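Analysis of the macromolecular model
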Amino acid sequence: MSIQDSTTGEVLRSYSIDELKQQATLMRGYNLAVLCAATSGHAGGTLSIMDIAAALYLRVANHDPKNPNWPDRDRIVWSTGHKAPCLYLGLAFAGFCPKEDVALLRKLYSPYQGHPHWLKLPGVEVSTGSLGQGLSIAVGIALAAKLDKKNHRVFCLMGDGEQQEGQIWEAAMEAGHFKLDNLIGIIDRNRLQIDGWVKDVMNVEPLEDKYRSFGWEVVTINGHDMKQVVEALETAKAKAGSGKPTVIIADTVKGKGVSFMENIAGWHGKAPNLEELNKALKELGLDGQIPVEQLFAHAQQYQAEVERRLDAKMPKFHRNYWWNAAENMKVQMKPTRLGFGQSLAANGDDPRIVCFGLDISGSITISEFYANKPERKSRWISMGIAEQSATSAAAGLAKEGKLPVFGTYATFAAARNLDQIRTSICYGNFNVLIAGAHGGVSVGPDGATHQALEDLFAMCGLPNMNVVVPCDIVETRKATDYLLLKHVGPKYIRFAREATPIVTDEKTPFVFGKANVIRLRHEAANFIEAFETKLESEYRDEREDLAIIACGPMVPEAMRAAWILKQDFGYETRVLNLHTLKPLDTEAIVRAARDTSVVLTAEEHQIGALAWPVANAITQSPALYGIPTITGAIGVKDRFGDSGAPWELIKEFEVSAEHIAAKAVELIGVKKSQTGAPVSEVHLAGTK
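Criteria and thresholds
- Residues numbered from 1 in each chain as written.
- Predicted model: local features only at pLDDT ≥ 70, side-chain atom pairs only at ≥ 80, totals over all residues.
- Heavy atoms only, no water.
- Core = buried A, V, L, I, M, F, W, Y, C linked by side-chain atoms within 4.5 Å.
- Buried < 20%, exposed > 50% of the residue type's maximum accessible area, 1.4 Å probe, protein only.
- Helix = DSSP H or I, 4+ residues; strand = E, 2+ residues; numbered from the N terminus.
- Contact = heavy atoms within 4.5 Å.
- Pairing = 2+ DSSP bridges.
- Axes fitted to C-alpha atoms, helices over the stretch in contact; angles between N-to-C directions.
- Phe/Tyr/Trp six-rings, centres within 6.5 Å; stacked < 30°, edge-to-face > 60°.
- Lys NZ or Arg CZ within 6 Å of the ring centre and 35° of its normal.
- Right-handed = clockwise from strand over helix to strand, strands pointing away.

With that out of the way, let us pick up the nonpolar core. With 73 residues, the main nonpolar core has Leu 32, Leu 56, Trp 78, Tyr 88, Phe 155 and Leu 233 as its most contacted residues. Here this core takes 11 residues from helix α1 (residues 17-38), the largest share from any one element. In this view, Leu 56 contacts Ser 2, Ala 61, Ile 76, Phe 155, Leu 157, Ile 186 and Leu 233; residues no more than four positions away in its chain are not counted. With 53 residues, the next largest nonpolar core counts Ala 550, Met 554, Val 636 and Leu 667 among its residues.

Given below as structure tokens:
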């Protein structure tokens, strides 16, 4: 049985092996089309696992599209969450949702998130994205079924690179120990991960022997032979009472069916462009069979509504101040992460420096350490997808006098391994540099599981830890230079993925632990030339109307807000670049509060990583006793991230310069109301 009416037990559709082959091919075509429409996503792994997805959703798993929460349904857990399009297409082809709606993949407000979210789309069992967690969830679901004496099965889809996560083996041990014969693991063994071949990055073989040693039944199949796939799944499903969980290891080809994608690591996290899509569809024998134009039109129509909604919620001013919208005040943009790689490349000859690869090495630019420098390769240690172990290994290297550096997405660099950072690194006060890359919402379409909006809480809360959040590519390089070779002790640097405005240059001061003051002097052809930057300790009060204290990518937004406030309201703004969050430049904060009496913080993070230390500095300073200070905060308001384009998310999460300026006008209005001065207004949420 598979797709059925849960009320009557009637099987609604039964697919033969040949029909499943056809459906899997169609699903591959739709998959590539929706990835192309999204302009992001993971082509390689979705193509390798598609035959398994087709067999599961269309023949093997019992479920009811009209009753997604049917208690007796089989559960399908996608631990390999980046292959979410396969999950969505499995649901769509089974009748849970319209096929054309999957074209809304990775778009803002869409239930088809970059990684699956069970609260947004019926049929999705659990929210996943951080690799290695799904099998543990599946163990819990299988245990619940045993406790409730239910007969449904729990399927858990994993990748072979994912087997590098230690939590996988904890779950494997538990499943064998508890004799969970209602649990079926499926490993998509396509042998490739982001950094290359699994065997070269961190070998996980022999998988068969390892799972057997944990008490599992093991079946190895050709993951592209539909007959073998179906037989393995149906046999595993029928093994009630065996006392053993089953794992199906499916040998597959990454990028299966498309010659220029097959066995190419670069297609792991890449979507085809239109030319590549058309070529791929021809190779799949689907030329003219996928409604590409209709899918694109559906996505474009949806996107137009997204843009309308975003525009409606943006504060309005007398003109458009968005980046590079005016004929003057032009700005150059580059990804801040490049500054991190530049520093490692420049300083890597120091024999003490050892860099760890954690499978997204090129993306975060840590691989620049050894690029074109083969003599450094012995000091490059690839740990694969194993953040926790790498963290403690870095502590061991530091104890022996090395300068270890590791980094990954900030949510994996500072959350998944938090206990290891706390105990192995900070408690021992070891000299380890941690890079929290792709911080904030700039990861964009990957969605909430990959967007770090809480990491600074954790890092700033750890004794001995030092935290720097640079504002652009130039400051990121300077900060990395300092932390790498001059600062001794635990240190965390957080930077964005997206190209962001360059607002500093080689002459701009950078002193660890000391804030910079940035002042708008005049409009100019280039944005950076309109401002003057000084060390705060060298700055003298100019009787500004308010101070905006910002860090990271919010510094350019604060500068743009200062421009808006000057042009539309005549307000003068002191922008404080608080690039070092720990130790905090409390003197600079206190002076800003004393001189302006209005302080607004801006952070691309849950409100509080910056706002709370600033507020604490103000409330605890004897210099401010009896001096009223009006405060406000811009940041993420106690919510998780979302899929969407990075700049869309800046608007959606209300952390743009427009939102900063609108809040500033509100706070200055409070200040003026206390003195009886006229209060300016700003038009909010599209009103005029």
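What follows continues from the structure just given.
Across the sheet, which stays open at both edges, the 7 strands sit in the order β12-β11-β13-β14-β16-β15-β22 with mixed pairing between neighbours. If you trace the sheet from one side to the other, it starts and ends with β12 (380-382) and β22 (580-582), each paired once. When strand polarity is set aside, the average angle formed by the axes of neighbouring strands in this sheet is 20°. Pairing geometry for strand β11 (residues 353-357) and β12, over 3 bridges, is parallel. Across the sheet, the residue bridging to Gly 357 is Ser 382, located in β12.

Okay, unusual backbone geometry next. The omega torsion across Glu 205 and Pro 206 is 0°, close enough to zero to call that bond cis. Its identity is not glycine, yet Asn 372 carries a phi of approximately 60°, on the positive side. Relative to the assigned elements, Asn 372 resides in the loop between α13 (361-364) and β12. Residue class for Asn 372 comes out exposed when judged on its relative accessible area of 77%. Even without being glycine, Arg 543 reaches a positive phi, approximately 60°. Along the chain, Arg 543 turns up in the loop between β19 (531-535) and β20 (546-550). On the accessibility criterion, Arg 543 (71% relative accessible area) is exposed.

Scanning the entire structure with this criterion turns up 18 aromatic pairs. Taking 6.4 Å as the distance between ring centres and 75° as the angle between the ring planes, the aromatic pair formed by Phe 527 and Trp 563 counts as edge-to-face. One end of the pair, Phe 527, is in the loop between β18 (516-520) and β19; the other, Trp 563, is in helix α19 (residues 554-569), with 36 residues separating them in the sequence. Following the ring pairs from residue to residue traces out a cluster consisting of Tyr 321, Trp 323, Phe 527, Phe 531 and Trp 563. For Lys 99, the ring lying beneath its charged end belongs to Phe 93, and the centroid distance is 4.2 Å.

Further remarks concern the pairing of strand β8 (residues 217-222). Sheet topology note: the β8/strand β9 (residues 246-251) ladder contains 6 bridges and is parallel. Within β9, the position partnered with Glu 217 by the bridge is Thr 246. One crossover worth recording links β8 to the parallel β9 by way of helix α9 (residues 226-237), and it is right-handed.

Overall, parallel pairing links the 5 strands, which are arranged β3-β4-β5-β9-β8 in an open sheet. Either end of the sheet is taken by a strand with one partner, and the two such strands are β3 (75-78) and β8. If you compare each strand with its neighbour and ignore which way they point, the axes differ by 20° on average.

Just distances and angles here, no functional claims.
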